[in-house]
Structure formats: structure tokens, C-alpha cells
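An overview of the molecular structure
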Amino acid sequence: MSILSSVSVESLVQSVADAVASVHDPEYPDVSIADLGLVESVTVSESGDVATIGLIPTFSGCPALDMIATDVEAAVLALTEVQQCNVEWLPGPVWTNERLTDRARTTLADEFTVVLRRKDGGLRCPICGSDAVVDQSLAGPTRCRSVAWCDSCRNPVEVMR
Ligand SMILES: [Zn+2]
């Protein structure tokens, strides 16, 4: 086992981070988990063969988490340098929708009509931009989402929890 120079470890960390960023959320196939703000840390051992990925769950108990961890592992292990990949779900910091990148926000709104709750609890319609969005029921299509209704354009929208 050879010890990589600090420069090659650095470039390997970048490759691992790129591999992690190529993993998409199973529920929102066009949104990467990096854009969702799930990726908190990417580290590689000095020898370069063990990668450890620290992820933050959007909603604990969400069934997609297992799939995400499996996909991350597969993507990282596809790099020839990496022999072992540990995926850790970190207890903190707590995920908030402020961790989403603008790209994720745009894709969620445009392709999935998913709306994010503002800090004041308000909702803005991703279709027409109105604030007249009312919560319908807490039982959404999955435990990670709930359904709301826009009174302005009369469309259902999904709320990401
Ligand atoms: Zn609307």
C-alpha cells in the first residue's frame, strides 16, 4: 500500500466528492444529493484507499436513505483508487431546506412542483408564485413529502419536509 502525497490525496478527495455529487435522490431523479445539501463531509485516508462520506438525512426514517447510501457507496467504489467506502449518517448539523442550492430549488419547482417551506412557515406556489398555498394533509405520497393546494392557480403542489 503506497502513501499518496498530500496533493494526490487532495485530488482524490475531489474525485470522491464528484462521484458523490453524481448520486441523485431516488425521489427526485434530476436532483443530486449534493444539490440537496445532504453531503456534509468527504474524507479520504492518508493511504488513499478508504473514503468516508458524511451525509445529513433530510428526514430521519425516510426510506430513500438506504438507497442513497447504497448509491453513494457504489459511485465511490467505482473509483479505482478507493477500496473501501464508509457512508455515515451524521446526527448533525440538522438539515434545513436552506442547504439546497439554487439549482435544486429550480429543478424541484419546475419539474416536480415541489415547494419548500419558508422560515416563517409560509409556502409559495412553484407554479404561479402565489402565497395562497394551503396545507391539505400530512399524509403525502411519501413520509418525506406532504400535499398542499394552491388557491390561486388551483394546482396541487408537494411540500418537502
Ligand atoms: Zn399557484
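The notes below deal with the structure included here. (Residues numbered from 1 in each chain as written. Predicted model: local features only at pLDDT ≥ 70, side-chain atom pairs only at ≥ 80, totals over all residues. Heavy atoms only, no water.)

1. Side note on the side chain of Asp 49
Let me state the cut-off plainly: Think of it this way: any DSSP run of H or I at least four residues long counts as a helix, any run of E at least two long counts as a strand, and we number them from the N terminus. Each residue is placed in one exposure class: buried if its accessible area under a 1.4 Å probe, protein chains only, is under 20% of its type's maximum, exposed if it is over 50%, and partly exposed if it falls in between. Charged residues are defined here as Lys and Arg on the positive side and Asp and Glu on the negative side; His and the ends of the chain fall outside this count. By salt bridge we mean one thing: a side-chain nitrogen of Lys or Arg within 4 Å of a carboxyl oxygen of Asp or Glu.
Tracing the sequence through the fold places Asp 49 in the loop between β1 (39-44) and β2 (50-55). Comment: no salt bridge for buried Asp 49; closest opposite-charge side chain is Arg 99, at 25 Å.

2. Observations regarding the coordination of the zinc ion
Test applied: For Na, K and Ca the donor cut-off is 3.2 Å, while for other metals it is 2.8 Å, and in both cases only N, O and S atoms qualify; water is not among them, so sites may look incomplete.
Within the first shell, the zinc ion binds the protein through Cys 125 (SG), Cys 128 (SG), Cys 150 (SG) and Cys 153 (SG), at distances of 2.2 to 2.3 Å. In the primary sequence, the donor residues of the zinc ion line up as C-x2-C-x21-C-x2-C. With a gap of 22 residues between them, Cys 128 in the loop between β4 (114-116) and β5 (133-137) and Cys 150 in strand β6 (residues 145-150) connect regions that are remote in the sequence. Residue class for Cys 128 comes out partly exposed when judged on its relative accessible area of 36%.

3. Describing the packing of helix α1 (residues 6-21) against helix α2 (residues 64-77)
For the record, the criterion: Axes, fitted as lines to C-alpha atoms, cover a helix only where it is in contact. Angles between the N-to-C directions of the axes lie from 0 to 180 degrees. An angle below 35 degrees is treated as roughly parallel, one above 145 as roughly antiparallel, one from 65 to 115 as roughly perpendicular, and anything else as oblique. In this scheme the crossing of two helices becomes right-handed for a clockwise turn of the near helix relative to the far one and left-handed for an anticlockwise turn of less than a right angle. Here, residues are in contact when the closest pair of their heavy atoms is within 4.5 Å. In the scheme used here, Gly and all other residues not listed as nonpolar or charged are polar, with Ala, Val, Leu, Ile, Met, Phe, Trp, Tyr, Cys and Pro taken as nonpolar and Asp, Glu, Lys and Arg as charged.
Remark: α1 packs on α2, axes separated minimally by 8 Å, with the N-to-C direction vectors making an angle of 140 degrees. By the angle between their directions, the pair α1 and α2 is classed as oblique. Where α1 crosses over α2, the two elements pack in a sense that is right-handed. Residues Val 16, Ala 19 and Val 20 of α1 form the contact with α2, whose own contacting residues are Val 72, Ala 75 and Val 76. Considered class by class, the residues forming the contact of α1 with α2 number six nonpolar, no polar and no charged.

4. Things to note about the pattern of salt bridges
Enumeration over the complete set of coordinates arrives at seven salt bridges. Arg 117 is the salt-bridge partner of Asp 135, the closest N and O atoms lying 3.0 Å from each other. With a gap of 18 residues between them, Asp 135 in strand β5 and Arg 117 in the loop between β4 and β5 connect regions that are remote in the sequence. Residue Arg 118 is joined to Asp 131 by a salt bridge in which the shortest nitrogen-to-oxygen separation is 3.4 Å. Of this pair, Arg 118 sits in the loop between β4 and β5 while Asp 131 is found in the loop between β4 and β5, placing the two residues 13 residues apart along the sequence.

5. Regarding the sheet that holds strand β3 (residues 84-89)
As a reminder, the rule being used: Strand pairing is assigned whenever DSSP detects at least two bridges linking the two strands.
If you trace the three strands from one edge of the open sheet to the other, you get β1-β2-β3, paired in mixed fashion. The open sheet terminates on both sides in strands that have one partner only, identified here as β1 and β3. On average, adjacent strands in this sheet sit at an angle of 15 degrees to one another, irrespective of strand direction. Note that β1 and β2 share five bridges and pair antiparallel. The residue of β2 that forms the bridge with Val 44 is Ala 51. Relative to β1, α1 is tilted by about 140 degrees, and along the sheet it contacts β1 and β2. Docked against the sheet, α2 engages β2 and β3, running at close to 150 degrees with respect to β3.

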